[in-house]
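# Residue-level structural notes
Chain residues, written in single-letter form:
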Amino acid sequence: MPATIILGAQWGDEGKGKVTDVFAEHAQLVVRYQGGNNAGHTIVVDGERFALSLIPSGVMYPQCTPVIASGCVIDPRVLLDEIEMLDDRGVDPRRLRISSNAHLIMPYHRKLDAVMERYLGRHKIGTTKKGIGPAYTDKFARQGIRVQDLFDRKIFHDKLEATLVEKNKLLTRVYNQLPMNASEIADEYLEYADRLLPYVTDTSLLIWESLRDGRDVLFEGAQGTLLDIDHGTYPFVTSSNPTAGGALTGAGIGPRAIDRIVGVAKAYISRVGTGPFPTELSDEIGETMVSVGGEYGTVTGRRRRCGWLDLVALRYSARVNSLTDLFLTKLDVLSEFETLRVAVAYSSLGERYTEFPRQQRVLYNCSPIYEELPGWTSDITGVRHFRDLPKEAQRYIEFIEDEVRVPIGWVSVGPERRQVLTRSP
Ligand code: IMP
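Model, not experiment: these values are computed from the prediction. (Residues numbered from 1 in each chain as written. Predicted model: local features only at pLDDT ≥ 70, side-chain atom pairs only at ≥ 80, totals over all residues. Heavy atoms only, no water.)

Time to look at the site of the ligand. As a matter of local geometry, the ligand sits amid 15 residues, with D13, N38, T128, T238 and R302 nearest to it. Taking Q223, its side chain carries an N or O atom lying 3.2 Å from a nitrogen atom of the ligand. A distance of 3.3 Å is found between an oxygen atom of the ligand and a backbone nitrogen or oxygen belonging to V272. Expressed as a share of its isolated accessible area of 460 Å², the protein-covered part of the ligand is 97%. By residue class, the composition of the shell around the ligand is six nonpolar, seven polar and two charged. (Near = heavy atom within 4 Å. Polar contact = N/O pair within 3.5 Å; in protein donor to acceptor, adjacent residues only side chain to side chain. Areas by Shrake-Rupley, 256 points an atom, 1.4 Å probe, with all protein chains shown as cover. Nonpolar A, V, L, I, M, F, W, Y, C, P; charged D, E, K, R; others polar.)

Below, the discussion takes up the nonpolar core. One finds F219, L331, L334, L389 and Y396 to be the most contacted residues of the largest nonpolar core, which totals 59 residues. The greatest single-element share of this core, amounting to six residues, is contributed by helix α12 (residues 391–404). Those residues in contact with Y396 that sit more than four places away from it in its chain are A267, L309, L331, L334, L340, V342, L373 and W376. Counting residues in hydrophobic clusters, the runner-up holds 39 residues, among them I55, C72, L86 and L160. (Core = buried A, V, L, I, M, F, W, Y, C linked by side-chain atoms within 4.5 Å. Buried < 20%, exposed > 50% of the residue type's maximum accessible area, 1.4 Å probe, protein only. Helix = DSSP H or I, 4+ residues; strand = E, 2+ residues; numbered from the N terminus. Contact = heavy atoms within 4.5 Å.)

Bringing the environment of T201 into the picture now. Within the secondary structure layout, T201 lies in strand β9 (residues 200–201). C-alpha separation for the pair T201 and T233, spaced 32 residues apart in sequence, amounts to 34 Å. Excluding residues within four positions of it along the chain, T201 makes contact with R97, I98, S99 and S100.

Another aspect to go through is the pairing of strand β15 (residues 325–329). Along a regular strand, successive side chains alternate from one face of the sheet to the other. Where burial is concerned, most of β15 is hidden: five out of the five residues are buried. Residues D325, F327 and T329 point to one face of β15 and L326 and L328 to the other, with burial holding for every one of them. Of the pairings in the sheet, the one linking strand β11 (residues 260–266) to β15 comprises five bridges and is parallel in character. Directly across from A265, in β15, lies its bridge partner L328. (Pairing = 2+ DSSP bridges.)

On to the packing of aromatic side chains, then. If you walk through the whole model with that rule in mind, you get eleven aromatic pairs. Relative to F277, the ring of W11 lies with its centre 5.1 Å away and its plane at 55°, an arrangement referred to as tilted. Here the residue W11 occupies a position in the loop between β1 (3–8) and α1 (16–24), and F277 occupies one in the loop between β12 (269–271) and α9 (284–293), the gap between them amounting to 266 residues. Judged by its relative accessible area of 2%, W11 falls in the buried class. Centre to centre, the rings of W376 and Y396 are 6.1 Å apart; their planes meet at 65°, and the pair counts as edge-to-face. Of the two residues, W376 sits in the loop between β18 (367–374) and α12 while Y396 sits in helix α12, which places them 20 residues apart along the sequence. Judged by its relative accessible area of 0%, Y396 falls in the buried class. Ring pairs connect the aromatic residues F23, F327 and W410, which therefore count as one cluster. Here the basic side chain of R89 rests over the ring of F50, its NZ or CZ set 4.1 Å away from the ring centre. Here the guanidinium or amino end of R423 rests over the ring plane of F386, the centre of that ring lying 4.2 Å away. (Phe/Tyr/Trp six-rings, centres within 6.5 Å; stacked < 30°, edge-to-face > 60°. Lys NZ or Arg CZ within 6 Å of the ring centre and 35° of its normal.)

Our next topic: helix α4 (residues 132–140). Within α4 the residues assigned to the buried category are I132, G133, P134, A135, Y136 and D138. Packed against the buried residues of α4 are β6 (73–74), β8 (103–104), α3 (107–120) and α5 (153–174). Positive backbone phi, at 60°, marks R142, one or two positions downstream of α4.

So, about the packing of α5 against helix α6 (residues 182–196). Each pair of packed helices can be described by the angle between their axes along with the distance between the axes. Running from N to C, α5 and α6 cross one another at 140°; their axes reach a closest spacing of 10 Å. On the basis of the axis angle, α5 is oblique to α6. The interaxial crossing formed by α5 with α6 has right-handed handedness. Mapping the contact onto sequence places R153, F156, H157, L160, E161 and L164 in α5 and A182, I185, A186, Y189 and L190 in α6. For the contact of α5 with α6, a count of residues per class yields eight nonpolar, one polar and two charged. (Axes fitted to C-alpha atoms, helices over the stretch in contact; angles between N-to-C directions. Parallel < 35°, antiparallel > 145°, perpendicular 65-115°, else oblique. Left-handed = near helix turned anticlockwise from the far one by under 90°.)

Take the environment of L96 next. Along the chain, the position of L96 falls in the loop between α2 (76–88) and β7 (97–99). Sequence separation between L96 and I400 is 304 residues, and the spatial gap between their C-alpha atoms is 37 Å. Not counting the four nearest positions on each side in its chain, L96 is found in contact with I55, P66, I68, L79, I83 and Y199.

Tallied over the entire structure, the rule returns 23 salt bridges. Here D325 and R260 are joined by a salt bridge, their closest N and O atoms 3.2 Å apart. Of the two residues, D325 sits in strand β15 while R260 sits in strand β11, which places them 65 residues apart along the sequence. Note on D325: relative accessible area 10%, which makes it buried. Under the relative-accessibility criterion, R260 is labelled partly exposed at 29%. When salt bridges with common partners are traced through the structure, they connect D13, K266, E295, R304 and K330 into a single cluster. (Salt bridge = Lys/Arg side-chain N within 4 Å of Asp/Glu carboxyl O.)

That bond from Y234 to P235 is cis: its omega, 5°, falls within 30 degrees of zero. If you trace the backbone, P235 turns up in the loop between β10 (217–220) and α8 (244–251). Positive phi values are uncommon outside glycine, yet R142 reaches one of about 60°. In this fold, R142 is placed in the loop between α4 and α5. Here R142 falls in the exposed class, since its relative accessible area comes to 78%. A positive phi is found at Q223, a non-glycine position, where the angle reads about 55°. Summarising the element assignment, Q223 is placed in the loop between β10 and α8. According to the relative accessible area criterion, Q223 is buried, its value standing at 10%.

Below is the structure:
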């Protein structure tokens, strides 16, 4: 395994948390490289559900060090709550390591995220309203406040006061909101500093040392490829790079360090928030996917939009991430349907597309061109070996592999760790 990236190959919510958790059994380090508490993963261990938004799922294994790397944005209140929750439920969070270079989500980021969405009206992105976009905006505008700033009161105050001048103008004059108070924010955040200090370190160095010593390191992406700020369905994206390149910049390592890049894809597809979605189903089939698949957001509880598997998008994902393997999740949800459909191409504005369209106008007008495959309509949640899957399910998997040209190494048929079938090569 040595260095493996695990990332979402669709619009997020592919079940990466569980996948990382399964892989983490053999890993010494599990690294979150981008995003913040807009992500959410549910891990089921011995029937007990754990919902995590920031701390990598590897925390569940005692040999594993969970790392929140420099490319992440951290809401310290949320992180401390998560640490406390784990502690209360008997999971030791003391191994956690946080990058001193990660940026902080501040109260004005959360506020701005909410009011900006309101202002956009029907053009809204449908963000999680956790302050992610405004925090990354400040990072790139070089006005961000980083974890390390918490440990120097003067720097923290100076940076906060400087940025609040602008933020308060924006809040009061543009968005008609009350201004925020610098000393109240400072009191709150500096109180977090002491509690966070034991976890803070140079995570890039920690990762490098682990790789140098031959340890297994897992890089865990949040959200998914089609939500990538550069390669996703812009502007309906998140403000970071969930793609494989983001793992390198976010963690502070080079491309030669990586051995394997695993794309996680659901056996169908979903998205939350607004934006184009060629295979979306607004009928009974989509409704069944939502109810059987439990397609409601871990973070916001929002209902996810669902549709048939989109192989145009999956091929794109294989390309922009240089995927070495695929992990197919939730195959059991498709047991509901007699006939399955998969999009192999799009038709848009009189043309046929087999590559993911680069132009927004084309993407908006896409209708999927489907291939039909027979379903299996039997309960597969108890299957533990690939060879024991109904032949229609095996055929479905092989069809995807042929189209995407990436081997599917694992298939999951339920939420538990033991419901993962490993495919022998
Ligand atoms: P933001 O990341 O909160 O700025 O939201 C931007 C877009 O990304 C919205 O469409 C969100 O619904 C979507 N998004 C953010 N995090 C996730 C996730 O973990 N899963 C799926 N979609 C997400």
